[in-house]
Amino acid sequence: MKSQLSKLGEIALSEIMGADTPELLESLRVKYLGKKGELTAILRQMSGLSAEERPIIGTLANNLREKIEAAIEENRAAINAAVLQKKLRSEALDVTMPATEPIIGVRHPMSIVVDEIKDIFIGMGFRIYDGPEIEMSTYNFDRLNTPATHPAREWTDTFYLDNESKTLLRTHTSPMQARVMETVSPPIRAAVFGRCYRKDEVDATHSPMFHQMEGLVIDEGITFADLKTLLHDMAVAMYGENTATRFRPHHFPFTEPSCEMDVLCHECGGKGCRVCKGEGWIELLGAGVCNPRILEMSGIDPEKYSGWAFGMGLERAAMRRFKISDLRLMFDNDIRFLEMFK
Ligand code: PHE
């Protein structure tokens, strides 16, 4: 029995000291000292010993139990320290390491221009409104006096979102004329900025997604002269003192009379070039005096109030402002182009 004990002790101690995880250590404790453990099994056989042998073996067995317990405690402390060390090492934050430089973006030329134009209009007492890009045909067309047969309503021109042509991606910011008129009572000075969509092929001056600004003024005694003055002042604020503008008659179902305003070509100064397609002038916006039917449909008395509205393509404004000759550069997301606006 003596040799049985010393053999057990040897194996147990070497196994315990070799354990390297808390789980393994615990299973060894159960293996040797547990109720069904190996040392316990030996001690159970002690009843068969003679009276002289019993205390000797008993002492040996107790000593061994203490040794095993001590070894377990010793190794448990070592394992815990090692686990802690490993954790500290993997979670260490070395503040002396060189930092990774954060990549800070720049504002897109479109955002720059939109903010500049917003400033001009806020300075003139306008309020900025946001409108939905997913719009109802009612607001995009009907409430703007656009007849059911108008070519702009064709599936080939407009992105409809349902088979009944009830919802669409707005083709201009003008539906906000009706939305503002029915919620705000005059005097109204509204400016709306946002994306619009048309089924256009992409080229140097066209994109199926583009930005517009809508301006709307409704008050007593508003005339076409107010519109002309404000639009010319806006062009000067945007492009500088010597900016030349010209007004051409046009047709829109929601304004009467209607016009388009051009600015002198920034590229050639009026001689005619690729940018202005030989015209010498670049079309900037459509405008006009609000058709009384629009006011009426939106619950504003056209006998008492009059107003004007205009819609401006912002891509062209930005291209002129930064002398960009190809619209596609604005949406290609080429970092080299965008970094020019740092
Ligand atoms: N919505 C018109 C367009 O997209 C522009 C416009 C707006 C014209 C307001 C007159 C008044 O072409």
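Since the structure is predicted, the reported quantities are computational estimates derived from the model, not experimental observations.

## What to know about the domain arrangement of the protein chain
A common measure of how large an interface is: the accessible area buried when the components associate.
Phase 1: Partitioning the protein chain into domains gives domain 1 (2–90) and domain 2 (109–341).
Phase 2: Once you take the C-alpha centre of each, domain 1 and domain 2 turn out to be 87 Å apart.

## So, the packing of helix α1 (residues 2–18) against helix α2 (residues 22–33)
Phase 1: Following both chains from N to C, one finds α1 and α2 inclined at 165°, their axes separated by 10 Å at the closest point. Put simply, α1 runs roughly antiparallel to α2. As α1 packs across α2, the resulting crossing turns out to be left-handed. Taken together, the residues of α2 that come into contact with α1 (itself represented by L8, I11, A12, E15 and I16) are L25, L28, K31 and Y32.

## Regarding the site of the ligand
Phase 1: Residues in contact with the ligand amount to 14 residues; listed here are only the nearest, H172, S174, R198, Q212 and G311.
Phase 2: Residue H172 places a side-chain N or O atom 2.9 Å away from a nitrogen atom belonging to the ligand.
Phase 3: Measuring from a nitrogen atom of the ligand, one finds a side-chain N or O atom of S174 at 2.8 Å.
Phase 4: Calculation on the ligand without its partners gives an accessible area of 330 Å², and the protein chains cover 90% of this total.
Phase 5: If one sorts the elements of the shell around the ligand by residue count, strand β9 (residues 306–313) sits on top with 3 residues.
Phase 6: Among the residues making up the shell around the ligand, the classes are represented as 5 nonpolar, 7 polar and 2 charged.

Reading the values: rules and limits
- Residues numbered from 1 in each chain as written.
- Predicted model: local features only at pLDDT ≥ 70, side-chain atom pairs only at ≥ 80, totals over all residues.
- Heavy atoms only, no water.
- Domains from an automatic or database assignment.
- Axes fitted to C-alpha atoms, helices over the stretch in contact; angles between N-to-C directions.
- Helix = DSSP H or I, 4+ residues; strand = E, 2+ residues; numbered from the N terminus.
- Parallel < 35°, antiparallel > 145°, perpendicular 65-115°, else oblique.
- Left-handed = near helix turned anticlockwise from the far one by under 90°.
- Contact = heavy atoms within 4.5 Å.
- Near = heavy atom within 4 Å.
- Polar contact = N/O pair within 3.5 Å; in protein donor to acceptor, adjacent residues only side chain to side chain.
- Areas by Shrake-Rupley, 256 points an atom, 1.4 Å probe, with all protein chains shown as cover.
- Nonpolar A, V, L, I, M, F, W, Y, C, P; charged D, E, K, R; others polar.

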